[in-house]
Amino acid sequence: MNNKQKIWNFASIFIILILAIVSSNLFSHQNDLKEEIAEWKNEANSLKEIPNLNEQASTFINALNQGNSKEYLTGKALETYNAALEGEDEYEHNHSHTGEQTVDILQSETIKSEQDTGRSKVLYKLSYKGEFDQEDIGTIHQRTLFLLMDIEWTKEKSDYKVSDYKVELLNDNWDDYILSLEKKGDESE
Amino acid sequence: MNKENAGFLLLFIKNPILGVVLAVVLAIALLIMSSVGMVLSVTQPSNSSSNNDGGYGFVTCQEGDKFDEEKFLSSFQDAGVFTDNGQLFLDAGRANNVDPVLLAAISFHETGKGKSPMVRLDNNPGGLYNSSAGEFFKFDSLAEGLDFMARNLNKNYISQGIVTIEQIGAKYAPIGVNDPSNSNANWVPVVSSFVADLGGLSMNCSAIGSGDFVYPIPNAVVTSPFSVRVHPLTGEVENHKGVDFACNVGLPIHASATGKVVRSEFNTGGYGNMVVLQHGDKYTLYGHMSERFVSVGDEVEQGKTVGACGSTGDSSGPHLHFEIQTSYFDVRVDPLPYLQGAKTKDE
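What comes next is a walk through the structure. (Residues numbered from 1 in each chain as written. Chains lettered and ligands numbered in written order. Predicted model: local features only at pLDDT ≥ 70, side-chain atom pairs only at ≥ 80, totals over all residues. Heavy atoms only, no water.)

Our next topic: the overall build of chain B. Within chain B one finds 10 helices and 17 strands. Counting across all 347 residues of chain B, residues that qualify as buried make up 44%. Put simply, of all contacts in chain B between residues at least 6 apart along the chain, 60% involve residues at least 24 apart. Accessible surface, chain B as shown: approximately 16,500 Å² in total, 56% of it carbon and sulfur. (Helix = DSSP H or I, 4+ residues; strand = E, 2+ residues; numbered from the N terminus. Buried < 20%, exposed > 50% of the residue type's maximum accessible area, 1.4 Å probe, protein only. Contact = heavy atoms within 4.5 Å. Areas by Shrake-Rupley, 256 points an atom, 1.4 Å probe, with all protein chains shown as cover.)

Residue and element names in this part refer to chain A. Together, D32, E35, E36, E39 and E43 line one region of the surface with negative charge. As for its position among the elements, E35 is in helix α1 (residues 3-66). Take E35: its relative accessible area is 52%, and that puts it in the exposed class. (Patch = residues over 30% accessible without salt bridge, like charges linked within 9 Å, V, L, I, M, F, W, Y side chains within 5 Å. Salt bridge = Lys/Arg side-chain N within 4 Å of Asp/Glu carboxyl O. Lys, Arg positive; Asp, Glu negative; His and termini not counted. Charge placed at Lys NZ, Arg CZ, Asp CG, Glu CD.)

Right, let's talk about the packing of helix α5 (residues 100-111) of chain B against helix α8 (residues 165-172) of chain B for a bit. Residue and element names in this part refer to chain B. Contact geometry for α5 and α8: axes closest at 13 Å, N-to-C directions at 40 degrees. Regarding the angle of α5 to α8, the classification is oblique. Once α5 is placed against α8, the crossing between them reads as right-handed. Residue-level contacts link L102, I106 and E110 of α5 to I165, I168 and Y172 of α8. (Axes fitted to C-alpha atoms, helices over the stretch in contact; angles between N-to-C directions. Parallel < 35°, antiparallel > 145°, perpendicular 65-115°, else oblique. Left-handed = near helix turned anticlockwise from the far one by under 90°.)

A few words now on the state of the cysteines. Residues and elements named next belong to chain B. All chains considered together, the criterion is met by one disulfide over all chains. The disulfide partner of C247 is C309, and the S-S distance across this bridge is 2.0 Å. Taking the sign of the S-S torsion, 75 degrees for the link of C247 and C309, the bridge is right-handed. Of this pair, C247 sits in the loop between β8 (243-246) and β9 (252-254) while C309 sits in the loop between β15 (305-308) and β16 (319-325), and the two are 62 residues apart along the sequence. Like C309, C247 is buried. (Disulfide = S-S within 2.5 Å.)

A separate point is unusual backbone geometry. Residues apart from glycine generally show negative phi values, whereas peptide bonds are mostly found in trans. Residues and elements named next belong to chain B. Residue K113 is not a glycine yet carries a positive backbone phi of 55 degrees. Counting through the fold element by element, K113 comes out in the loop between α5 and α6 (117-122). For K113, a relative accessible area of 25% gives the class partly exposed. Non-glycine residue N123 carries a positive phi angle of around 55 degrees. Take N123: it is sitting in the loop between α6 and β2 (129-130). Its relative accessible area of 15% is what places N123 among the buried residues.

If the charged atoms of two oppositely charged side chains come close together, the side chains can form a pair. Residue and element names in this part refer to chain A. Overall, the coordinates contain 16 salt bridges over all chains when judged by the stated rule. Residues E49 and K112 are paired through a salt bridge, measuring 2.8 Å at the closest nitrogen-oxygen approach. Taken together, the residues E49 in helix α1 and K112 in strand β1 (residues 101-114) connect sequence positions 63 residues apart. As far as burial versus exposure is concerned, E49 and K112 are alike and both buried. Note that E49 and K155 form a salt bridge whose closest N and O atoms lie 2.9 Å from each other. Linking E49 in helix α1 with K155 in strand β3 (residues 142-156), this pair joins segments that are 106 residues apart in sequence.

Next up on the list: the pairing of strand β11 (residues 272-279) of chain B. Residue and element names in this part refer to chain B. For β11, a buried count of seven out of eight residues is recorded, marking the element as mostly surrounded by other parts of the structure. Across seven bridges, the pairing between strand β10 (residues 259-267) and β11 is antiparallel. In the sheet register, V261 faces β11, and the bridge partner there is L277. Hairpin geometry of β10 and β11 is characterised by an intervening segment of four residues between the two adjacent antiparallel strands and by a positive phi of about 125 degrees at G270. With six bridges connecting them, β11 and strand β12 (residues 282-289) associate as antiparallel partners. If you follow L277 over to β12, its bridge partner there is T284. Between β11 and β12, which pair antiparallel one after the other, the connecting turn spans two residues, and G280 there sits at a positive phi close to 65 degrees. (Pairing = 2+ DSSP bridges.)

Here the focus is the sheet that holds β9 of chain B. Residues and elements named next belong to chain B. The three strands are arranged β9-β15-β13 in an open sheet whose pairing can be described as antiparallel. Since the sheet does not close on itself, it has two edges, and those belong to β9 and β13 (291-292), each with one partner. Pairing geometry for β9 and β15, over three bridges, is antiparallel. Within the sheet, the bridge partner assigned to H254 lies in β15 and is T305.

Let's shift gears to the sheet that holds β3 of chain A. Residues and elements named next belong to chain A. Strand order across the open sheet formed by four strands is β1-β2-β3-β4, with antiparallel pairing between neighbours. Unpaired on one side and paired on the other, β1 and β4 (159-172) mark the two borders of the sheet. The sheet shows a mean angle of 20 degrees between the axes of neighbouring strands, taken without regard to direction. Its contacts with the sheet place α1 against β1, β2 (117-129), β3 and β4, and it is angled at close to 145 degrees to β1.

Another point: α5 of chain B. All names here are of chain B. The end-to-end C-alpha distance of α5, which contains 12 residues, comes to 16 Å, matching closely the 16 Å that a straight helix rising 1.5 Å per residue would cover. Here α5 lies mainly inside the structure; 10 of its 12 residues are buried. Residues of α5 that are buried include every one of P100, V101, L102, L103, A104, A105, I106, S107, F108 and T111, and no others. You can read the cap of α5 off the contacts: a side-chain oxygen lies 2.9 Å from the backbone nitrogen of V101, and it is on D99. (Expected span 1.5 Å × (residues − 1). Polar contact = N/O pair within 3.5 Å; in protein donor to acceptor, adjacent residues only side chain to side chain.)

Opposite the 31 residues of chain B that make contact, chain A presents 39 residues. For the pair chain B and chain A, the number of links is three salt bridges. Across the chain B-chain A interface, the total number found is eight residue pairs in polar contact (both at pLDDT 80 or more). Secondary-structure elements contributing two or more residues to the side of chain B that touches chain A are β6 (227-230), β7 (237-240) and β10 of chain B. Within the side of chain B that touches chain A, the residues separate by chemical class into 10 nonpolar, 12 polar and nine charged. (Nonpolar A, V, L, I, M, F, W, Y, C, P; charged D, E, K, R; others polar.)

Such coordinate-based values are descriptive only and should not be taken to indicate function.
Below is the structure:
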């Protein structure tokens, strides 16, 4: 074997090695891509649920307002419901009753925290007549509250249920009225 | 120890007088420091008392339901100048947050049941001595003397947490101090006996707290907790932004913390007689009161009476509605963790 042949042999082996490495890398990258595509597909499917959850959040708030929320509940939310049902509600007290409440959903946002869990934040307006509302004697006691409900969703079988919810009072027209009384007092001074 | 470091020891061994002098100087310095400490510890309570503006400090008393006022008033027969004057004791005691029964029992003891010259001539029912004038106090009327005595009892005893007959006796008539006949040993049993004759003590006294925020009434019983939520069964919004405490009409309501009065008014929004105090970035609100005793702009100490329990505004019975607001008539927080000391003013 002369020198020229030796060089050709060495170059051939080197090229074959490089090609083997490249093809192996391409194959592996293809698998990664497939996995990534599968993940994105899952996430896309998961995100497709967001509009449904937004809608479900509104349905839940309306059902809760009517006192018919049980079928939507699971986990901690269901435990709280059952505790209230058995009269063991830690917050139970004999305070004023609001009577009929009107709910007006203003905005609803949902994020998927994991594949089978999500979280909705719903801004809504709630109006009711207070217990001191007596039109016959000229006492008007009508309340409008702006509330933010934080709902945690957990997927059970194929349906999402509310595993926990909290409400935060953002504004109460009663406070505005009390502050306006102070301003009136200031103006008259 | 190196020889170099032992130099000062060698100095004292060689000069024992110097050592003795240093030891004496050290002992004198220690004596002075401990005396200063004792003086400070003795003067501190009286300072805190005077800061209370004649108020009730952090201990306050609540009249119980079992007080037999008729029996109390009927005990003022054959009682010297006190005869038929039971109402004066009731007025002075209630006005100064002192149990009228305790006030009467001590007065009976100090004056031989209303017959001593000091009460007959000088209207001094407590035998109180004016140390700065070097003579016993003299008053124009028995009512004035009783009011002074009740104020003194509150300031120097009740507000300091000295509330039982035994505790008061130990300070009022200490056994063996300026008492050659040992008559002070009889103080507690005799006063206790008078208390029993008058129908028993009528008030329960207790501390209302010692944190940034204290309970606005003594022996506070929560009748409705703080609750901003949706009821899980009914869906009704529970919008109770404060905590309700049970109280009898007229019971003094105390400032939960030192602060400035920003509102004192009859609120037509439902709070009725309402007082709002500002404490830095937080506010406390006292609602449904029967009376208000402070005005906008007043600076009030923690424990000062700001009003009296009532049922004004949107209220179905006597109670105190108490709120802590973290922003003015906007965000409220549950007051109980603050009152129980679990949260401080800065949280």
